[in-house]
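Structural description and commentary
Spelled out, the chains give:
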Amino acid sequence: MKIAHISDIHCGEVHFVPGLMERAINEINDQHPDIVVCSGDLTAMGFKHEYLQAELRIFVLHHHLLPIPGTGRERNIVYDAGDAIECLQRSGVDIVLSGHKHVPYAWRLEDLFVINAGTVSSQRLRGKTRPCYNLIEITDHHVDVWRKYPFHGQEKIIQFSTETRSFEKYTARIEGEVTSPR
């Protein structure tokens, strides 16, 4: 596993150098890390205009904030999920990533895009799902989310704009063939 760890970006501060940040992003991308973690001080003072300079805002947790369709009785939603969702929306989070139920799904919830991953390596499956993972491709303000089946293809599940929040969601055919717009 390769992890890129960055910290103390300080968007909005007089010493913040956007070109240096872009160079670091390009260099990190060339390293093909498995994950990139930012351990804090994303902005100088936490003001909204400073966050506008930051990178896409993504919140990650294991358990989910919304019930996952087709998974039966719900017992594992985050405690006070409504409060958490409200906090995420106030904070300007763009994407929430979670897992736990082994069923991939994607929603738009007001200004949040909530993306749940399936299981990539377990046969403990629910419904008609297969082992899979999500690949999120971000270009400027456009995001494509693909469900990928290890060695067995892929299908787009949602695409959206982080600027306008317009989106198109796709539904998978049962066989996992080509998807169709929903």
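Presented here is a report on the structure given in the accompanying data block. Only a predicted model underlies this, so the values are computations on that prediction, with no experimental measurement involved.

Taking 1.5 Å per residue, 14 residues should reach 20 Å; helix α1 (residues 18-31) reaches 20 Å between its end C-alpha atoms and fits that length. Note on α1: the residue one or two positions beyond its end, histidine 32, has a positive phi of about 50°.

This part is about the nonpolar core. Counting residues in hydrophobic clusters, the biggest one holds 13 residues, and the most contacted among them are Leu65, Leu88, Val96, Leu112 and Val114. Taken together, the elements giving at least two residues each to this core come down to α3 (81-90) and β6 (112-116). Considering every element that reaches this core, the biggest residue donor is α3, with 3 residues. Apart from the residues within four sequence positions on either side, leucine 112 is in contact with Ile85, Leu88, Gln89, Val93, Asp94, Val96 and Trp107. The next biggest cluster of nonpolar side chains, apart from the first, holds 9 residues, and it includes Phe113, Val143, Ile157 and Phe160.

Our next topic: the pairing of β6. In terms of burial, β6 is a largely internal element, 5 of the 5 residues being buried. Burial along β6 is two-sided: the residues Leu112, Val114 and Asn116 and Phe113 and Ile115 are all buried. Of the strand pairs in this sheet, strand β4 (residues 95-98) and β6 are connected by 4 bridges, and their pairing is parallel. Directly across from isoleucine 95, in β6, lies its bridge partner phenylalanine 113. As paired strands, strand β5 (residues 105-109) and β6 are joined by 5 bridges and run antiparallel to one another.

Below, the discussion takes up the environment of arginine 165. For arginine 165, the location among the structural elements is in the loop between β9 (154-161) and β10 (167-171). According to the relative accessible area criterion, arginine 165 is buried, its value standing at 10%. Counting along the chain gives 71 residues from arginine 165 to aspartate 94, while the straight-line C-alpha distance between them is 9.2 Å. Among residues more than four places away in sequence, those in contact with arginine 165 are Val93, Asp94, Arg108, Asp111 and Phe113.

Among the secondary structure elements, histidine 64 is positioned in the loop between β3 (58-60) and α3. Once residues lying within four places of it in the same chain are set aside, the contact partners of histidine 64 are Glu74, Asn76, Ile77, Val78, Ser98, Gly99, His100, Lys101 and Asn116.

This brings us to the packing of aromatic side chains. With the rule as written, the count across this model stands at 3 aromatic pairs. Geometrically, the ring pair formed by tyrosine 105 and tryptophan 107 is tilted, given 4.8 Å between the ring centres and 40° between the ring planes. With 3.6 Å between their ring centres and 10° between their planes, phenylalanine 113 and phenylalanine 160 make a pair best called stacked. Residue phenylalanine 113 is located in strand β6, and its partner phenylalanine 160 is located in strand β9; the two are separated by 47 residues in the primary sequence. Phenylalanine 160 matches phenylalanine 113 in its accessibility class, with the two residues each being buried. These aromatic residues form a ring-pair network of at least three members: Phe113, Phe160 and Phe167.

Reading the values: rules and limits
- Each residue is numbered by its place in its chain's sequence as written, counting from 1.
- Totals for whole chains, interfaces and linings use every residue, but because this is a predicted model, local features are given only for residues with pLDDT of at least 70 and side-chain atom pairs only at 80 or more, for both listing and counting.
- No hydrogens and no water enter the side-chain calculation; it runs on all heavy atoms of the structure.
- What counts as a helix is a DSSP run of H or I of at least four residues, what counts as a strand is a run of E of at least two, and both are numbered from the N terminus.
- For a helix, the expected span equals 1.5 Å multiplied by the number of residues minus one.
- Nine residue types can take part in a nonpolar core, namely buried Ala, Val, Leu, Ile, Met, Phe, Trp, Tyr and Cys, and a core is a set of them joined through side-chain atoms within 4.5 Å.
- When a residue's accessible area, from a 1.4 Å probe over protein chains only, is under 20% of the maximum for its type it is buried; when over 50% it is exposed; and in between it is partly exposed.
- Any pair of residues with heavy atoms lying within 4.5 Å of one another is described as a contacting pair.
- A strand pair is defined by DSSP finding two or more bridges across the two strands.
- Ring pairs shown here join Phe, Tyr and Trp side chains whose ring centres sit within 6.5 Å, with only the six-membered ring taken for Trp; geometry is labelled stacked below 30 degrees between planes, edge-to-face above 60, and tilted in between.

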